[in-house]
Amino acid sequence: MRKVAIEINGKLVEGEVEPRLLLADFIRDQAGLTGTHLGCEHGVCGACTVQLDGRPVRSCLMFTVQANGHRIATVEGMAPSAHELHTLQQAFHESHALQCGFCTPGILMTMEAFLRDEPNPTPAAIRSALAGNLCRCTGYQNIVKAVGVAAERMRKEAGSVS
Amino acid sequence: MSTSTDTIIALVLHGIGTSPLRKEDWPLVRGEGTFVADFKRPGMVHAFVARSPFAHARFTRITTAAALAAPGVIDVITVADLPDRGHLIPTRQFHDEGSRRFLQRPLADGVVRYSGEPVAVVIAESRYLAEDAAELLDVDYEQLPPVLDPDEAVATGAVLLRPETGTNVAGHLVVEMGDLEKAFADADLVIDEEFRIQRHAAVPLETRGLLAEYDPRRNSVTVWGAAKIPHVNKKILARLLGWDEEQVRLIELHVGGGFGARGEFYPEDFLIPFAAIRIGKPVAWVEDREENLRATNHSREQVHRCRLAVKKDGTFLALRDTFLNNTGAYVRTHGMTVPGLSVSMLPGPYRWPAYRGEYRSVVTNKTPGGTYRSPGRFEINFVRERLVDIAAHRLGLDPVEVRRMNLIGRESFPYVVGTLYDGHPVIYDSGDYRLLLDKALKAFDWERMKAWRMEPAAGALKRGVGIGYFVEKAGPAEREYARIELNEKGDVFVYTGSVSVGQGVETVLAQVCASHLGLPYERITVLHGDTETIPEGMGAFGSRATMLGGAAVMGASKALREQLLDAAAQELEAAPADLVLTPEGVSVAGAPSRMVPLSTLLKPHGGVLKVEDRFVCDLLGFPYGIHFAAVEVDPKSGAVHVRRFAVAYDVGRVVNPMLMEGQISGGFAQGIGGTLLEEFSFDSSGQPLAASFMDYLLPTSEEVPDVDMLVTEDAPSPLNPLGVKGAGEGGTAAVGAAIGNAVSDALGVEVTRLPLSPQRVMELAGA
Amino acid sequence: MKPALFEYDDPATLDAALDLLARYGDECKVLAGGQSLVPLMNFRLARPGRLIDINGIDSLAGIKLEGGSLSIGAMTRHVDVERSEEVAHGWPLLAEAIGWVGHGQIRNRGTVGGSVAHADPAAELPAALAVLDAKFHIRSKRGARTVGWDQFFVAEFTTSLAPDELLISIEVPPIEAGTATAFVEYARRHGDFALGGAAVMVKVARDGSCEKASIALLSAGPTPVRARNAEAMLAGKTLDEAVIGAAADEAVRDLHPTSDIHGSSEYRVKLLRTMTERGLRKAAKRAAGRT
């Protein structure tokens, strides 16, 4: 067993774990954040995507002990409060970019990082960045649209701040 | 037809025909959903189902001692532990006496018949420990030769899955009408062709799971993680346990997609509640993806041998199809639904003087099968629409015009197709097929698509276009329940027997209620999925939730409004037609001060007015549509690039346009998967070769182009007070057909098999 | 699909890691990015008794220029190669190949060293490194050695690394002036392993003829396959359609790639011919664009 201390959504979560405990299981069961979902456990579907030190990774392909001392962001950390949504989340809601919602947290984590890297992406670039997250319900069309809408709003927000 | 007043009211209330944002979204987009794997109960333990590694084997003994002694293990359940060694899991629809002999028990008993068949259940403190312990189980398997291919299954001397029956044919049906022989004799052209559709399946992103808990005080069991048909499954579980239905409660949580496969009664739907009852602790089970690909219902594997007779002007004379449906190792709860749908819907939107369809549904040593979006229809739409194009090519006629001339005319509705589905005649309720064709050709600029096709493509690419016309079927299972409750604050609660599989049922039913009750969508909450709070229901499948669930909600909403207005009319001494209902109360139109508050109206009802409705209709609705595909094929790599795809779909009436389009888009993506990428392959010993997402290929965003959509309401259903025909499956229905036709057009070679894998395409191109 | 139990070490220094490897040899496996290893462990297809996690050894990561050659530390993440200006400028073939590796999430975590040590015949980097004649620097407690790519990649999923050895870095010689490169592949879906692909490098003389060519095929055999005969055919010739076509035919002449459910051997051979042709065409066009 190993002791770990991992910052998740800005809060330090401590635990004692077997080395084989997958990071996704630690996040879901010990940190109690079940928004990160397991769809395949072999790194293909992307439902388990979280951000490790700001970059999207598959939490089913990391052991908890490897995240010790690192910063994790999950979907639960996105919304500014219990009554508001992050711009991306709001855009998904307005664009009907989710149906069953199982893939949505992983996609939000991937797209949030993507928009930080590319604040003004073309639809083709969005579609390409989305290719590492499977969705079985929507056909992706509205997701691409939602990310474009969010990007525009976020550019405006950034523009008005500075 | 709605008037403009109705439209304005709908807009204000966010009722039928508008696209309010979904009620379901808030928790899901925040990651605060509760899917079954997220759900916890105090003291819960974890189950792992040990499964057969072989497609066909005998065994006499399961040694459990080492597993029982492993760290953290609480119990190991084998067939000897089940009452009567387990009862047969029954079919829930499309019963066929012959298929009874091929039903499945919850655990294998001396024989395993597919790789993935449950053999034992290990219960431990964690899933990790349960998997460790399962490796210590010792089963003395003795492999038997498997039978995998449906033709082999019916051949003389075939390996039999149930030697005592003397056959592998679990179901057989012939449907015919007209004079086939005369039609063939009169034909100018007779085409014989064989078509194959590969095994693929629903594969929702969330795998199956359950959490069951036994309450010793009430001697009852609660099962969370129900989906699709909780009331039906409750009955089945109670029966298999030998209990009263009141002792069983099924509760839906968030559901990560169903598409036909999730929610049917599987072995685990018995085993997990049984385990919870046996050990007295809550038992959680979640299948992993490998299990899902090996043990959750497969579908689509059919081989069709067809003969088409036509006149040289393109008139259809007769269609004969003898086909095999590979239902896998057991007949599951769907019975003969899939081949039954195929044989009854093959005629499609055309007039056929004569038709003969015959299926044999055979068992083989593969994963058992069931329905999957547009079940039986994705397959036969491919078959029929390919045949139509082949005929057009051979006659030198325009494939669109050949279709047009044979379409059933709008004066012929309701149209008796002449086939039977589950013993009932198939009667298309309403339609104007030529009108939709004309609208679609114009909306999608078919002339320009044809012009594009004639232009040379870059490099070695070859261009092709194709269409597929289809009729869908909606609204099975005859009835649905709704209860509407209004309280003094003006909050409305709709209890529906329909359930959510992620499609937006809460949103749609709230809209229906808003339109008919006259209170805004925002004040309405839709509740579903708990068999204790909702007395009955038939669930969500076959595109029935809006149609039947909606009709029941409409009935209850109207009745509740009538009661309120009648009571208020008396108080206000006005006619009900002059009254307006708002969340505050009922007032006279134009004189808001003359109002009776809700509290007054609801006082005689103890503060809450409740109205129930049960909508019954045993006839099905038939939405119809057309798929258009424009492709570029690379003969040097076998790649098929779908450059444009368009769907025209008449659904009778659209409740929520945004959600409707979402269903088409999502259905289309699954159609792409089934046409180009997805296949459950097996090696010669019956080992699944696509038991991970590295080999079972779901389409990504790069494989699914945007789809152009035209949704029309030209043919409302006369059977349904809303005029709605359920429309969840039309996006999938003819993707194989349209792309098959487009690739044939591109290569000048007739496609007869799916999937259009790169290797197959390259072979076709080289031919 | 949870992994089996294992012992776990996360050494902080290279020496500590080498000590562990010397001690545990074939009872242990090195954990780098985990993008290839952990899926196998989750399926319980790989069950190492001990994992040596080298993610904490900072000295193993980094991209440096040393005397004109590119040095990539084994623990360098794919994404850092993808974003490196030095790589984009001096070794565009690597930058192009890396874009085909999985998806962004995989590249954020997966490492160059891990990928080559996994030695999947369908992987992009081994083929690109084969064309670039890369050298592999290896260390163990017993000492250091350097091998060429052709001695590094031995068979399917097998390198010549001994159980006590660790790949430290990959050295890529500078690309000569007048050289153009191209990387092409075809997979069934975006981000999948290639059904077939080609990494191509051509050095074009002033008169437009090909001075030197390197062609490495992926998914063509148990290791990256250098099409030496085809390369020889191109020397001194102008890269027109006929010459490219003949070279592509030659490149696949003796190939016997393994069949599987995604493509038979015959299909793969035809695909590899197409990939070779398209790779050469692309590289030739780029070379022409330069002059």
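Residues numbered from 1 in each chain as written. Chains lettered and ligands numbered in written order. Predicted model: local features only at pLDDT ≥ 70, side-chain atom pairs only at ≥ 80, totals over all residues. Heavy atoms only, no water.

**What to know about the overall build of chain C**
- The number of helices and strands found in chain C is twelve helices and 14 strands.
- When its C-alpha atoms are laid out on the principal axes, chain C stretches across 60 × 45 × 30 Å.
- Within chain C, the proportion of its 291 residues that are buried is 61%.
- For chain C, long-range pairs separated by at least 24 residues make up 63% of all intrachain contacts whose partners lie at least 6 apart in sequence. (Helix = DSSP H or I, 4+ residues; strand = E, 2+ residues; numbered from the N terminus. Buried < 20%, exposed > 50% of the residue type's maximum accessible area, 1.4 Å probe, protein only. Contact = heavy atoms within 4.5 Å.)

**Describing the overall build of chain A**
- Scanning chain A for helices and strands turns up five helices and five strands.
- Going from the N terminus to the C terminus, chain A shows its helices and strands as β-β-α-β-β-β-α-α-α-α.
- What you see for chain A is a C-alpha radius of gyration of 16 Å, in line with the 15 Å of a compact globule of 162 residues.
- The principal-axis extents of the C-alpha atoms in chain A amount to approximately 45 × 35 × 25 Å.
- Across the 162 residues in chain A, those meeting the buried criterion constitute 65%.
- Sequence separation of at least 24 residues holds for 54% of the intrachain contacts in chain A that already meet a minimum separation of 6.
- With an accessible surface of roughly 5500 Å², chain A has 49% of that area assigned to carbon and sulfur atoms.
- Taken together, the 15 basic and 16 acidic charged side chains of chain A have centroids lying 5 Å from each other. (Rg over C-alpha atoms; globule rule 2.2 N^0.38 Å. Areas by Shrake-Rupley, 256 points an atom, 1.4 Å probe, with all protein chains shown as cover. Lys, Arg positive; Asp, Glu negative; His and termini not counted. Charge placed at Lys NZ, Arg CZ, Asp CG, Glu CD.)

**Concerning the interface of chain A and chain C**
- At the junction of the two partners, chain A supplies 31 residues and chain C supplies 32 residues.
- Both faces combined, the contact of chain A with chain C buries some 2500 Å², and carbon together with sulfur accounts for 53% of it.
- A per-residue breakdown of the area chain A buries against chain C is headed by Arg20, Arg55 and Leu61 of chain A, which together make up 25% of the total.
- At the surface where chain A touches chain C, the tally comes to 15 residue pairs in polar contact (both at pLDDT 80 or more).
- Elements represented by at least two residues in the side of chain A that touches chain C include exactly strand 3 (49-52), strand 4 (55-58) and helix 3 (104-117) of chain A.
- Counting residues per element, the side of chain A that touches chain C draws most heavily on strand 4 of chain A, at four residues.
- A class-by-class count of the residues in the side of chain A that touches chain C yields 15 nonpolar, eight polar and eight charged. (Buried area = accessible area lost by both parts, 1.4 Å probe. Polar contact = N/O pair within 3.5 Å; in protein donor to acceptor, adjacent residues only side chain to side chain. Nonpolar A, V, L, I, M, F, W, Y, C, P; charged D, E, K, R; others polar.)

**What about the confidence of the model for chain C?**
- Within chain C, residue pLDDT values average 96, and 100% of them lie at 70 or more.
- Here the prediction assigns the complex a pTM of 0.97, and the interface score ipTM is 0.98. (pLDDT = per-residue confidence, 0-100.)

**Focus on the environment of Phe693 of chain B**
- Position of Phe693 of chain B relative to the elements: it lies in the loop between helix 18 (657-677) and strand 30 (707-712).
- You can call Phe693 of chain B buried: its relative accessible area is 1%.
- In this structure the C-alpha to C-alpha distance between Phe693 of chain B and Glu290 of chain B, which are 403 residues apart in sequence, comes to 8.5 Å.
- Here Phe693 of chain B is in contact with Gly39, Cys40, His42, Val44, Cys45 and Leu134 of chain A, Val203, Leu205, Arg289, Leu293 and Leu698 of chain B together with Arg189 of chain C, once residues within four sequence places are set aside.

**Some details on the layout of surface pockets**
- The computed volume of the second largest pocket comes to approximately 1100 Å³.
- In terms of lining residues, the second largest pocket is bounded by 36 residues, among which Ala639 and His641 of chain B together with Trp100, Tyr186 and Ala187 of chain C are the most central.
- Counting only elements with at least two residues in the lining of the second largest pocket, the list comes to strand 29 (639-650) and helix 18 of chain B together with strand 11 (179-186) and helix 12 (265-290) of chain C.
- Of the residues that constitute the lining of the second largest pocket, the class distribution is 15 nonpolar, nine polar and twelve charged. (1 Å grid on protein atoms, 1.4 Å probe; cavity = no way out; pocket = protein on both sides within 12 Å on 5 of 7 lines; lining within 4 Å. Points joined across faces, edges and corners; volume = space filled by probe spheres on them.)

**So, empty space enclosed by the protein**
All names here are of chain B.
- If you walk through the whole model with that rule in mind, you get five cavities of 30 Å³ or more.
- Quantified by volume, the largest cavity comes out at close to 780 Å³.
- In this structure, the largest cavity is lined by 48 residues; those nearest its centre are Gln503, Ser543, Arg544, Gln663 and Gly728.
- Those elements that place two or more of their residues in the lining of the largest cavity are helix 10 (337-345), helix 15 (505-517), helix 16 (545-572) and helix 18.
- For the lining of the largest cavity, the per-class residue count stands at 21 nonpolar, 17 polar and ten charged.
- Reported here for the second largest cavity is a volume of approximately 230 Å³.

**Quick notes on the packing of helix 2 (residues 87-94) of chain A against helix 3 of chain A**
Residues and elements named next belong to chain A.
- Contact geometry for helix 2 and helix 3: axes closest at 10 Å, N-to-C directions at 125 degrees. The pairing of helix 2 with helix 3 is recorded here as oblique in orientation. Pair helix 2 / helix 3 crosses with right-handed handedness. Packed against helix 2, whose contacting residues are Leu88, Gln89 and Phe92, the element helix 3 presents Thr104, Ile107, Leu108, Met111, Glu112 and Leu115 at the interface. (Axes fitted to C-alpha atoms, helices over the stretch in contact; angles between N-to-C directions. Parallel < 35°, antiparallel > 145°, perpendicular 65-115°, else oblique. Left-handed = near helix turned anticlockwise from the far one by under 90°.)

**With respect to the environment of Asp58 of chain C**
All names here are of chain C.
- Considering the arrangement of structural elements, one finds Asp58 in the loop between strand 3 (50-53) and strand 4 (63-66).
- According to the relative accessible area criterion, Asp58 is exposed, its value standing at 64%.
- Considering only alpha carbons, one finds Asp58 and Arg77, 19 residues apart in sequence, at a separation of 12 Å.

**Quick word on the sheet that holds strand 10 (residues 189-197) of chain B**
Residue and element names in this part refer to chain B.
- Reading across the sheet, the five strands line up as 9-17-16-15-10 and stay open at both edges, with mixed pairing between neighbours. Both edges of this open sheet fall to strand 9 (169-177) and strand 10, since each of them pairs with a single strand only. Across the sheet, the mean angle separating the axes of adjacent strands is 10 degrees when strand polarity is ignored.
- Where strand 9 lies against strand 17 (residues 354-363), eight bridges are found, and the strand directions are antiparallel. Across the sheet, residue Glu176 finds its bridge partner in strand 17, namely Arg356.
- Here helix 10 sits on the sheet in contact with strand 9, strand 15 (302-310), strand 16 (316-328) and strand 17, set at roughly 165 degrees to strand 17. (Pairing = 2+ DSSP bridges.)

**Examining the interface of chain B and chain A**
- The interface of chain B with chain A comprises 54 residues on the first partner and 49 residues on the second.
- For the pair chain B and chain A, the summed buried surface comes to about 4300 Å²; carbon and sulfur atoms form 56% of the total.
- When the buried area of chain B at its contact with chain A is split by residue, Val29, Tyr128 and Leu205 of chain B rank highest and sum to 18% of it.
- Where chain B packs against chain A, one counts five salt bridges.
- A salt bridge links Lys40 of chain B to Asp29 of chain A; its shortest N-O distance comes to 3.6 Å.
- Counting only elements with at least two residues in the side of chain B that touches chain A, the list comes to helix 2 (25-29), helix 4 (127-134), helix 18 and strand 30 of chain B. (Salt bridge = Lys/Arg side-chain N within 4 Å of Asp/Glu carboxyl O.)

**Concerning the sheet that holds strand 2 (residues 28-31) of chain C**
Residues and elements named next belong to chain C.
- With parallel pairing, the three strands of this open sheet are ordered in space as 1-3-2. Pairing within the sheet leaves two strands with one partner each, and these edge strands are strand 1 (7-9) and strand 2. In this sheet, adjacent strand axes meet at a mean angle of 25 degrees when their direction is disregarded.
- Two elements, strand 2 and strand 3, share four bridges in a ladder whose sense is parallel. If you follow Leu31 over to strand 3, its bridge partner there is Asp53.

**So, the side chain of Glu252 of chain B**
Residues and elements named next belong to chain B.
- For Glu252, the position within the fold is in strand 13 (residues 248-252).
- Lacking a salt bridge, the buried Glu252 has Arg262 as its closest oppositely charged neighbour, with an N-O distance of 8.5 Å.
- For Glu252, the side chain forms a polar contact with the main-chain nitrogen of Ser500, separated by 2.9 Å.
- In this structure, Glu252 is in contact with Ala226, Ala227, Val499, Ser500, His528 and Gly529, ignoring residues within four places of it in sequence.

**Points about the nonpolar core**
- Phe92 of chain A together with Tyr428, Phe628, Phe645, Phe693 and Ile739 of chain B are the most contacted members of the largest nonpolar core, which totals 165 residues.
- Examining the composition of this core, we find that nine residues originate from one element, helix 11 (residues 377-395) of chain B, more than from any other.
- Listed in part, the 54 residues of the second largest apolar core include Ile16, Val492, Val526 and Met554 of chain B. (Core = buried A, V, L, I, M, F, W, Y, C linked by side-chain atoms within 4.5 Å.)

**Side note on the domain arrangement of chain A**
All names here are of chain A.
- Assigned domains of chain A: these are domain 1 (2-77) and domain 2 (87-161).
- Just the C-alpha atoms count here: the centres of domain 1 and domain 2 sit 22 Å apart.
- On the domain 2 side, the residues contacting the 17 residues of domain 1 number 14 residues.
- Together domain 1 and domain 2 conceal approximately 1100 Å² of surface at their shared face, both sides included; 58% is due to carbon and sulfur atoms.
- Summed over the three residues of domain 1 that lose the most area to domain 2, namely His37, Gln51 and Val75, the buried surface amounts to 40% of that side.
- Taken together, the connections running from domain 1 to domain 2 amount to zero salt bridges.
- At the boundary of domain 1 and domain 2, one finds eight residue pairs in polar contact (both at pLDDT 80 or more).
- Elements with a contribution of two residues or more to the side of domain 1 that touches domain 2: strand 3 and strand 4. (Domains from an automatic or database assignment.)

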